Amino acid sequence: MISENGDPVSAQLDIPRSVSASAIFEWRTGLVRSWDRKCSHHIRGITESFGAAICSLNTSHLTDGVIYRSKRMMLDTVGVGLLGTRTAVFNKALLYSQRYKSEEKSSVWGKSGITLPPQYAAFVNGVAVHSMDFDDTWHPATHPSGAVLPALLALAEALPSQPSGLDLLLAFNVGIEVQGRLMRFSREAYNIPKRFHPPTVVGVMGSAAASAKFLGLSPAQCTHALAIAASSAGAPLANAATQTKPLHIGNAARRGLEAAQLAWMGLEGNPGILDLETGFGVFYTDYSPSVVSDPAASEFKWILEGQDVAIKRFPAHLGMHWVVDAALAARAKLKGRGGNFDLNQIRRVTLRVPNSKYVNCPFPNTEHQARHSFQFNACSALLDNQVTVGSFSEAQINRPALKELLSKVRVESPGDNHPSFDKMYCDVVIETEQGQSYAGRCDTFYGHWRRPLSQDDLLGKFRANASTVLPSEAVEGVVDVIGNMERIRDCSSLSSYLKMTGYQQE
């Protein structure tokens with residue numbers, strides 16, 4: 001761990017720098033065991049049930065379905081993170097983070113010669129994951145993987161003994177599970193957000209839980225890790241569609257990891273943080289928490305088992321995937337009836353989408369605004385018959401043809417079109433100057449949890465993203481390690497491939 005001025009915390013605790021990491025580990029373990037006994041009088045409640053579950057879940061609880069889905073999430077997260085290391089926001093975050101040093105060193109994805117303190121490696125890799133809004137999305141709405149996987153991979157490199165692949169899968173799923181359960185404490189959370197970005201609220205808690213699992217914290221320590229993390233939760237939605245939004249994921253990964261480490265060292269928070277309206281309940285107007293059942297009980301079931309994630313085909317807000325597929329369907333009808341997409345013959349384009357202000361951006365000026373614009377994504381699909389990574393470049397955004405088509409777009413929000421990723425739909429209607437009309441609708445896009453990407457298409461997405469940074473040997477190495485994660489003895493082998501940069505990056 002590091003202090004604010006970059007010095008190891010061990011120095012501030014009068015621990016000689018010559019003391020090994022394993023010795024510090026043993027010292028901390030003894031300290032927190034003593035502290036645990038002091039806290040044994042706490043009344044068992046919702047928060048305590050979470051702490052007990054985080055501590056008691058073990059690899060035998062992992063099911064084949066959960067392992068399969070979480071390995072897909074890991075592969076996708078690493079791929080979009082590698083692609084994200086080529087973005088301006090990542091480079092700014094990396095430049096800032098390189099100011100900090102510690103004796104513990106963790107890898108930066110896609111950078112063979114750079115290491116950072118674990119907290120800052122988690123931060124920059126988390127920023128990379130969300131830098132293009134290309135990472136997975138869950139229901140209720142959040143980006144679950146980006147807040148957890150960067151924290152775990154950074155922490156794994158700093159531990160005195162390396163966790164196995166099964167250990168990584170377990171900790172990852174603990175972090176995902178905590179997020180899923182917290183979001184189900186509110187009906188409000190089931191809709192597209194209006195006030196705050198969900199990963200900043202539940203993501204930091206998931207990172208703390210996953211990191212606590214990796215560190216082997218006791219039940220009481222786990223509850224305090226959650227309490228500490230809660231004081232770093234929350235970011236206003238006004239920063240969506242800006243360069244600051246990717247920092248939300250990076251901060252969630254970093255602050256959750258820090259919370260677990262502080263709890264490991266004996267720092268205390270409110271042991272009822274999840275029970276209270278003045279605790280985690282401040283984020284929701286209809287907060288209704290419930291206990292986690294004992295993982296040893298037959299009724300325990302992973303949320304990921306019943307609710308898969310959506311995996312995106314192009315780098316934009318999830319809602320854009322409905323409007324793009326609807327636009328492509330309308331365009332195909334126009335072409336199928338012998339027409340050409342002649343911009344001069346288009347009188348109007350109507351979009352029927354949910355009422356969600358932060359993704360209603362009529363004339364985007366930046367890539368981040370474009371990724372959050374129903375209008376931009378529909379028009380890009382109509383003009384180009386596709387939306388890709390390259391669609392959000394400055395040159396594409398500033399095309400005269402695109403700007404002209406944007407001026408012809410009208411947005412409607414029918415009352416039955418609910419702002420929920422599980423219920424929404426999108427209609428796109430093209431009206432020509434000749435009075436013809438061509439409509440397309442999307443209820444469930446390809447990549448949604450109801451129509452998941454095939455394994456071949458997921459691998460294709462990963463290879464396309466990762467090959468922009470890694471040599472082919474490393475790309476296939478990542479595929480092999482994640483594909484066999486439950487059989488890998490040392491999960492740090494994944495990080496060794498992630499920093500094996502190719503000539504493109506160097």
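Structure first, text after, so check above.
Residues numbered from 1 in each chain as written. Predicted model: local features only at pLDDT ≥ 70, side-chain atom pairs only at ≥ 80, totals over all residues. Heavy atoms only, no water.

Peer 1: Can you explain the environment of Met 500? Please cite residues and give values.
Peer 2: Residue placement: Met 500 occurs in the segment after α20 (492-498). For the pair Met 500 and Ala 474, spaced 26 residues apart in sequence, the C-alpha separation works out to 6.3 Å. Ignoring anything within four residues of it in the chain, the contact list for Met 500 reads Leu 470, Pro 471, Glu 473 and Ala 474. (Helix = DSSP H or I, 4+ residues; strand = E, 2+ residues; numbered from the N terminus. Contact = heavy atoms within 4.5 Å.)

Peer 1: Can you explain the environment of Thr 244? Please cite residues and give values.
Peer 2: Within the fold, Thr 244 resides in the loop between α10 (219-230) and α11 (245-264). In sequence terms Thr 244 and Val 127 are 117 residues apart; their C-alpha atoms lie 9.4 Å from each other.

Peer 1: An account of the pattern of salt bridges is requested, with residue identities and associated values reported.
Peer 2: Within this structure, the stated rule accounts for 22 salt bridges. Between Glu 177 and Arg 181 there is a salt bridge; the shortest N-O distance is 2.7 Å. Here Glu 177 pairs with Arg 181, and both are found in helix α8 (residues 165-183), just four residues apart, close to one helical turn. Just as Glu 177 is buried, Arg 181 falls in that class too. Close ionic contact of Glu 412 with Arg 410 constitutes a salt bridge, the shortest N to O distance being 3.3 Å. When its relative accessible area of 32% is taken as the criterion, Arg 410 is described as partly exposed. One connected set of salt bridges, linked through shared partners, spans Lys 71, Glu 486 and Arg 487. (Salt bridge = Lys/Arg side-chain N within 4 Å of Asp/Glu carboxyl O. Buried < 20%, exposed > 50% of the residue type's maximum accessible area, 1.4 Å probe, protein only.)

Peer 1: Account for the environment of Tyr 68, naming residues and giving values.
Peer 2: Summarising the element assignment, Tyr 68 is placed in helix α4 (residues 64-84). Spatially, the C-alpha atoms of Tyr 68 and Glu 305 are 9.8 Å apart, while their sequence positions differ by 237 residues.

Peer 1: Help me get a handle on helix α18 (residues 455-466), residues and values and all.
Peer 2: Because an α-helix packs 3.6 residues into every turn, residues spaced three or four apart end up facing the same way. In a regular helix each residue adds 1.5 Å, so 12 residues correspond to 16 Å; α18 covers 16 Å between its end C-alpha atoms and thus fits that length. For α18, every residue scored as buried is listed here: Leu 458, Leu 459, Lys 461, Phe 462, Asn 465 and Ala 466. Buried residues along α18 cover an arc of 160° about the axis, so they all sit on one side. Where α18 is buried, its residues touch α4 and α19 (472-483). (Expected span 1.5 Å × (residues − 1). Arc of directions from axis to C-beta.)

Peer 1: Describe the nonpolar core, with residues and values.
Peer 2: Soluble globular proteins tend to bury their nonpolar side chains together. Formed by 115 residues in total, the largest nonpolar core has its most connected members in Met 205, Leu 274 and Phe 280. Apart from residues no more than four positions distant in its own chain, Met 205 is found in contact with Val 178, Leu 182, Leu 226, Ala 229, Ala 230, Leu 274 and Phe 280. If you look at the next biggest cluster of nonpolar residues, it comprises 47 residues, including Leu 318, Val 359, Leu 402 and Phe 445. (Core = buried A, V, L, I, M, F, W, Y, C linked by side-chain atoms within 4.5 Å.)

Peer 1: Would you mind going over unusual backbone geometry in detail, with residue names and values included?
Peer 2: In terms of backbone geometry, most residues other than glycine have negative phi values and most peptide bonds are trans. Here the amide bond leading from His 139 into Pro 140 is cis, since omega sits at -5°, within 30 degrees of zero. Locating Pro 140 in the fold gives a position in the loop between α6 (118-130) and α7 (149-156). The backbone of Asp 133 shows a phi angle near 55°, a positive value even though the residue is not glycine. The residue Asp 133 is located in the loop between α6 and α7 in this model. Of note in the backbone geometry, Ala 241 takes a positive phi value of approximately 65° without being a glycine. Tracing the chain through its elements places Ala 241 in the loop between α10 and α11.

Peer 1: Kindly report on the side chain of Ser 373, identifying the contributing residues and their values.
Peer 2: On the secondary structure map, Ser 373 appears in the loop between α14 (367-370) and α15 (374-384). What makes Ser 373 buried here is its relative accessible area of 0%. Polar side-chain contacts of Ser 373 include one of 2.6 Å to the backbone oxygen of Cys 361. Not counting the four nearest positions on each side in its chain, Ser 373 is found in contact with Met 320, Val 359, Cys 361 and Pro 364. (Polar contact = N/O pair within 3.5 Å; in protein donor to acceptor, adjacent residues only side chain to side chain.)

Peer 1: Talk me through the packing of aromatic side chains; I want residue IDs and the actual numbers.
Peer 2: Aromatic rings in a pair are described by how distant their centres are and how their planes are angled relative to each other. What the rule picks out here adds up to 15 aromatic pairs. Arranged with centres 5.6 Å apart and planes meeting at 65°, the rings of Tyr 96 and Tyr 100 form a pair that is edge-to-face. Of the residues examined, Tyr 96 reaches a relative accessible area of 33% and is grouped as partly exposed. With 5.6 Å between their ring centres and 40° between their planes, Phe 376 and Phe 392 make a pair best called tilted. Taken together, the positions of Phe 376 in helix α15 and Phe 392 in the loop between α15 and α16 (394-397) put the pair 16 residues apart, joining distant regions of the chain. A single burial state applies to Phe 376 and to Phe 392, both of which are buried. Of the aromatic side chains, those joined through ring pairs into one cluster are Phe 50, Phe 185, Phe 196, Phe 280, Phe 283, Tyr 284 and Tyr 287. Here the basic side chain of Arg 187 rests over the ring of Tyr 190, its NZ or CZ set 4.0 Å away from the ring centre. A cation over an aromatic ring shows up here: Arg 371 above the ring of Phe 392, its NZ or CZ 4.8 Å from the ring centre. (Phe/Tyr/Trp six-rings, centres within 6.5 Å; stacked < 30°, edge-to-face > 60°. Lys NZ or Arg CZ within 6 Å of the ring centre and 35° of its normal.)

This is a description of form; function is not addressed.
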